[in-house]
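Chain residues, written in single-letter form:
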Amino acid sequence: MASDNNNAAMALQALNTPTFLQGGGEMGALMRSHDWRATKLGEPNGWPGPLRTALRVILNTGHPMYIWWGPELLCFYNDAYRRSIGPERHPGSLGRPGREVWEEIWGIIGPQIERVTSGGGAVWYENALVPITRNGRREDVYWTYSYSPIDDPAGKSGVGGVLVVCAETTEQVLAARTAVAEKEWFTQLFQQTPTFMAILRGSENRIVLLNPAYQQLIGHRDVLNRTVAEALPDAAAQGYVALLERVYSSGEPYVASGAKYAVQLAPDGPIDERYVDFVYQPIKNASGVVTGILLQGVDVTDRIRGSAALLQSEEQLRLATEAGEVGLWDVDVGSDALYWPPRVRAMFGITSDSPVSISGDFFPCIHPEDRERVTQAYAAALDPQRRALYEVEYRTVGKEDGVIRWVAAKGRGLFDGERCVRILGTAVDITDRKATEAELKDLNERLEHRVAAALAEKSAAEAHIRQAQKIEALGQLTGGVAHDFNNLLMIIKGGVSLLRRPLIEPERRQRLLAGMEQAADRGATLSRQLLTFARRQPLKPESVDLSQQIEGMRELLDRTLRGDVKVKTDFSDDLWPVEVDPAELEFVILNLCVNARDAMPNGGEITIRARNAADVRQGRVSGHFVSLNVTDTGTGMPPEVLEHVFEPFYTTKEIGKGSGLGLPQVHGFAEQSGGTVKIDSAVGRGTTVTLLLPRSEMAPVAEATSIDLDDTTRRRAFRGSVLLVEDDDEVAALVTEMLQELGYRVTRAASARAALGALANDRAIDVVFSDVLMPGNMNGFELAKEVKLRRPDLPVILTTGYASAALTDGAADIHVLQKPYEMQSLDNAIRAALASE
């Protein structure tokens, strides 16, 4: 009986439900069950026709829609819209006045609604920032939306309400901004690489991007947006265009070493023959189709010419020694090995070509009466305090023939610090001329000059080739860096192209954004390692509390390491403060933890331990230190790997997984901080990296209190005027928004000259914020010096994507902010600059 009553009640409710409120999912049910008698609208059956029609539309569409109705702007919305407003307004906002529901943003949307309801027509906004509170926190949310009038003759100005059609675009806006910033950063890196690089597009090989090194190679000709055949006819004549066409059609890279490129830098000038190592690397899209070619290489002309000079020098030395019957010898002090050519072997009665040594062949063959004198001369040459010239005449007793001969030998030691590593020199058989001392003296003087000149020429040639080899190694390094960055650019560029597609699924969007963010992080890490290893900017040590500094990295470490890698800390309670650069310290800790993670593919534990170490005596390091250990339970390293880990660019990781700069950077940080570092590792028992960091006699500096960016009142309160000097319109627009969001009034100038003009009219400016690289004949640093001359008390902040010690040389009152930066770092930089004045 009860069941029949329920069914009857439901049937009756269905009969009484107005047609326009039927369906609509959760919101339709809420509207039907709502007590509308408590509002001015009353029962739904009496509602105006335009409202009925609009409600019928929004309840039966999957697009987010919202209605404000009547003088009170009562709120109606559908299921698609409720997902955007959070639990703070759903379902409690249904039927309530709009000003009460949306009080926190009424200053933004109120005037827009007033325009529509007053007969001003519809309004439409794209990617507009309208921050709201949802899920318990304030969020910056971007929307594309329209407000359209719902006509009603009984309403004000013939408008009964406002229909809202909207879509949240926060993810797309933030992704686009990130892509623009990353593109700028990668472009700067491309321009600053010391090897020559160019990007060619299409089958016609049109030059769309090139760096200064490539411009120098081709004589600074106007080649941008022209084909290689048009712009560089000399290259086409030498077959390089044909090679490009072959790479484009085959999709296979072309690598050349020591290729000759004849270039005429001026129309009537001489032809300069250059030698280059280069690669033509095809650029493929996501479908594997070749769309262009990356040209990258290094000018090795000095190396090639140095090699030729060395060969010529060696030939001259050979002819000189043969003409003067001079024998050369070379001793490796560490291994006791000797280099003796046949001429010198003959002086010791040896005809075989078997290996010889100091202890086994040289000293045993010295005549017993001369052995002590030779030994003393040899010891004096080895002594790091004396570093004496090894010059002695002695008799030899032939090892194989027993013949006694007279030998005049001369040489010098080569030292590595306080250790002699080699002794090399000349030897002359003076047996036939020993009786005539005057003749022997004259001969020795002539031989000395001839051999010294030959050795000097050889030494110069060797120095030349070593320098060329360094440049060649740099070319190989930058080639690898270009390969890595090309891969990262592909991830970001491909991801952006996919995000622009209108129907991409949310899950797929999240994966793309995560991949792009990871690529950007990898690029930033590689760039920082290169800049740190180059040490273009000195360390800025200060007193640091190790425990507080490392514990403050917990969130960063948890985000960087896998979930199966646990980090444990163990600091003594009486730990001394240390004198280090805190930013570089954090980078070193992160670097070591990432290395430990990679050594534990199946998970494990990292222990960071610190203890005081008093009265340390370890090599050149002595005094009071703090011993900082990072220990992992990973695979460990064999001895042959362990002895190379501090060598730059040495890595055992796969291509693209490691730059070979991590541990050299750790070593450089420890050495420049006045400490040292060592590694203890063995296969199967993990690795421990120990840094000795100098104790600080100063108390750690208290950490500055940062602004709470979620505090709307503090953020939007007027805090001062900023003169923004930036030539890039998109960057200027972004930074202007950031500064305004922080509460600053912004005056923008597109060049240094324009900025000085803005200051000339006594405009109220509290701080100058300028990029370093700008068009015109005045850069940011020169602008800063001019500002200081005109307004000494006006703080100046320079921003750049490339750290350079030259920025602050002789200008300690000029502040530097490293790109890329976020709201927090921008706010901290301005507050620090204002405080310093």
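The structure displayed is predicted, hence computed values, not measured ones.

1. Quick notes on the overall build of the protein
- Tallying secondary structure elements over the protein gives 27 helices and 29 strands in all.
- Pairs at least 24 apart in sequence give 59% of the contacts found in the protein among residues at least 6 apart.

2. Section: the packing of aromatic side chains
- Taken as a whole, this structure holds 26 aromatic pairs when the rule is applied.
- Ring geometry for Phe348 and Tyr394: centres 6.4 Å apart, planes at 45°, overall tilted. With Phe348 in the loop between helix H13 (342-347) and helix H14 (358-362) and Tyr394 in strand S15 (residues 390-397), the pair connects residues that are 46 residues apart, well separated along the chain. The pair formed by Phe348 and Tyr394 is uniform in burial state, with each residue classed as buried.
- Its guanidinium or amino end placed over the ring of Phe415, Arg387 lies 4.1 Å from that ring's centre, counting from NZ or CZ.

3. Notes on the pairing of strand S12 (residues 290-299)
- By the criterion of burial, S12 is predominantly enclosed, with 8 of the 10 residues buried.
- Sheet topology note: the strand S11 (residues 271-284)/S12 ladder contains 9 bridges and is antiparallel. Within the sheet, the bridge partner assigned to Phe278 lies in S12 and is Gly297.
- Hairpin geometry of S11 and S12 is characterised by an intervening segment of 5 residues between the two adjacent antiparallel strands and by a positive phi of about 85° at Gly288.

4. Focus: unusual backbone geometry
- Following His90, the chain continues to Pro91 via a peptide bond in cis, the omega torsion being 5°.
- Mapped onto the secondary structure, Pro91 falls in the loop between helix H4 (79-82) and helix H5 (98-101).
- Backbone geometry at Asn127 places phi at a positive 55°, although glycine is not the residue there.
- For Asn127, the position within the fold is in strand S3 (residues 123-129).
- We classify Asn127 as partly exposed; its relative accessible area is 36%.
- Of note, His220 is a non-glycine position whose phi angle comes to about 55°, a positive value.
- Within the secondary structure layout, His220 lies in the loop between helix H8 (212-217) and helix H9 (228-231).

5. Here we look at the environment of Pro194
- Summarising the element assignment, Pro194 is placed in the loop between helix H7 (170-192) and strand S8 (196-201).
- Considered as a pair, Pro194 and Ala213 are 19 residues apart in the sequence and their alpha carbons are 6.3 Å apart.

6. Comments concerning the pairing of S11
- Where strand S10 (residues 254-264) and S11 come together, 9 bridges link them in antiparallel fashion. Counterpart to Lys260 in the pairing with S11 is Tyr275.

7. A closer look at the sheet that holds strand S2 (residues 74-77)
- Pairing is antiparallel in the open sheet, where 5 strands are placed in the order S2-S1-S7-S6-S3. Looking at the sheet topology across the chains shown, the edges are occupied by S2 and S3. Averaged over all pairs of adjacent strands, the angle between their axes in this sheet comes to 20°, without regard to strand direction.
- Two strands pair when backbone bridges link them, and S3 and strand S6 (residues 142-151) are joined in this way by 5 bridges, in the antiparallel orientation. Within the sheet, the bridge partner assigned to Leu129 lies in S6 and is Tyr142.
- Relative to the sheet, helix H3 (residues 49-59) contacts strand S1 (65-69), S2, S6 and strand S7 (159-168), its axis offset from that of S1 by approximately 165°.
- Taken strand by strand, helix H6 (residues 106-120) contacts S1, S3, S6 and S7, and its axis lies near 30° from that of S6.

8. Points about the pattern of salt bridges
- The final tally for this structure, using the stated rule, is 34 salt bridges.
- Taking the shortest distance from any N to any O, the salt bridge between Glu139 and Arg137 comes out at 3.8 Å.
- One salt bridge in this structure joins Asp370 and Arg373, with 3.1 Å as the shortest N-O distance.
- Residue class for Asp370 comes out buried when judged on its relative accessible area of 5%.
- Among the charged side chains, a salt-bridge network with shared partners connects Arg134, Arg137, Glu139 and Glu168.

9. A look at the nonpolar core
- Counting 44 residues, the largest nonpolar core has Leu55, Tyr66, Ile67, Trp68, Phe76, Trp102 and Tyr147 as the members making the most contacts within it.
- Listing elements by their share of this core, those giving two or more residues are helix H2 (25-33), H3, S1, S2, H6, S3, S6 and S7.
- The contact partners of Tyr147, leaving out residues within four places of it in the chain, are Trp68, Ile109, Gln112, Ile113, Val116, Ala122, Val123, Val162, Leu163 and Val164.
- Grouped together as the second largest cluster of nonpolar side chains are 41 residues, Val578, Val630, Val645 and Leu693 included.

10. Observations regarding the side chain of Asp330
- Here Asp330 lies in strand S13 (residues 326-332).
- Reaching out from Asp330, the side chain makes a polar contact with the side chain of Arg422 at a distance of 2.4 Å.

11. Details of the confidence of the model for the protein
- Chain-level pLDDT for the protein is 81 on average; 78% of the residues reach the 70-or-more range.
- Overall, residues 5-15 carries pLDDT values under 50, and its contacts beyond four positions in sequence, including any with other chains, amount to 1 contact.
- Within the model, the stretch residues 703-715 combines pLDDT values under 50 with 20 contacts to residues more than four positions away or in other chains.

12. Structural notes on the packing of helix H25 (residues 752-760) against helix H26 (residues 780-790)
- Following both chains from N to C, one finds H25 and H26 inclined at 15°, their axes separated by 10 Å at the closest point. Taken as axis vectors, H25 and H26 run roughly parallel relative to one another. Of the two possible hands of crossing, H25 and H26 adopt the one that is right-handed. Contact residues: Ala752, Ala755, Leu756 and Leu759 in H25; Leu783, Glu786, Val787 and Arg790 in H26.
- Looking at the contact of H25 with H26 residue by residue, the classes come out as 6 nonpolar, no polar and 2 charged.

13. Re the sheet that holds strand S19 (residues 565-571)
- Pairing is mixed in the open sheet, where 5 strands are placed in the order S19-S21-S22-S24-S23. Here the strands that pair on one side only, and so sit at the sheet edges, are S19 and strand S23 (676-681). Across the sheet, the axes of successive neighbouring strands diverge by a mean angle of 20°, strand direction being ignored.

14. Quick notes on helix H15 (residues 371-382)
- In this model H15 runs 17 Å from its N-terminal to its C-terminal C-alpha over 12 residues, within 8% of the 16 Å that 1.5 Å per residue would give.
- Listing the buried residues of H15 in full gives Val374, Ala377, Tyr378, Ala380 and Ala381. Buried residues of H15 fall within an arc of 160° about the axis and therefore sit on the same side. With respect to the buried face of H15, the exposed residues turned more than 90 degrees away are Glu372 and Gln376.
- Residues of H15 that are buried make contact with S13, H14, S15, strand S16 (404-416) and strand S17 (419-429).

15. What to know about the environment of Glu369
- Positionally, Glu369 belongs in the loop between H14 and H15.
- As for Glu369 and Tyr394, which are separated by 25 residues in sequence, their C-alpha atoms are 8.9 Å apart.
- At 2.9 Å, the side chain of Glu369 forms a polar contact with the side chain of Arg395.

16. Notes on helix H20 (residues 582-598)
- Counted at 1.5 Å a residue, the expected span for H20 with its 17 residues is 24 Å, and the 24 Å between its end C-alpha atoms agrees.
- In terms of burial, H20 is largely enclosed, as 13 of its 17 residues are buried.

17. Quick look at the environment of Thr61
- Here Thr61 is to be found in the loop between H3 and S1.
- When its relative accessible area of 29% is taken as the criterion, Thr61 is described as partly exposed.
- On a C-alpha basis, the gap between Thr61 and Asn78 in space is 8.2 Å, while along the polypeptide they are 17 residues apart.
- Only 3.3 Å separates the side chain of Thr61 from the backbone nitrogen of His63, close enough to count as a polar contact.

About the cut-offs
Residues numbered from 1 in each chain as written. Predicted model: local features only at pLDDT ≥ 70, side-chain atom pairs only at ≥ 80, totals over all residues. Heavy atoms only, no water. Helix = DSSP H or I, 4+ residues; strand = E, 2+ residues; numbered from the N terminus. Contact = heavy atoms within 4.5 Å. Phe/Tyr/Trp six-rings, centres within 6.5 Å; stacked < 30°, edge-to-face > 60°. Buried < 20%, exposed > 50% of the residue type's maximum accessible area, 1.4 Å probe, protein only. Lys NZ or Arg CZ within 6 Å of the ring centre and 35° of its normal. Pairing = 2+ DSSP bridges. Axes fitted to C-alpha atoms, helices over the stretch in contact; angles between N-to-C directions. Salt bridge = Lys/Arg side-chain N within 4 Å of Asp/Glu carboxyl O. Core = buried A, V, L, I, M, F, W, Y, C linked by side-chain atoms within 4.5 Å. Polar contact = N/O pair within 3.5 Å; in protein donor to acceptor, adjacent residues only side chain to side chain. pLDDT = per-residue confidence, 0-100. Parallel < 35°, antiparallel > 145°, perpendicular 65-115°, else oblique. Left-handed = near helix turned anticlockwise from the far one by under 90°. Nonpolar A, V, L, I, M, F, W, Y, C, P; charged D, E, K, R; others polar. Expected span 1.5 Å × (residues − 1). Arc of directions from axis to C-beta.

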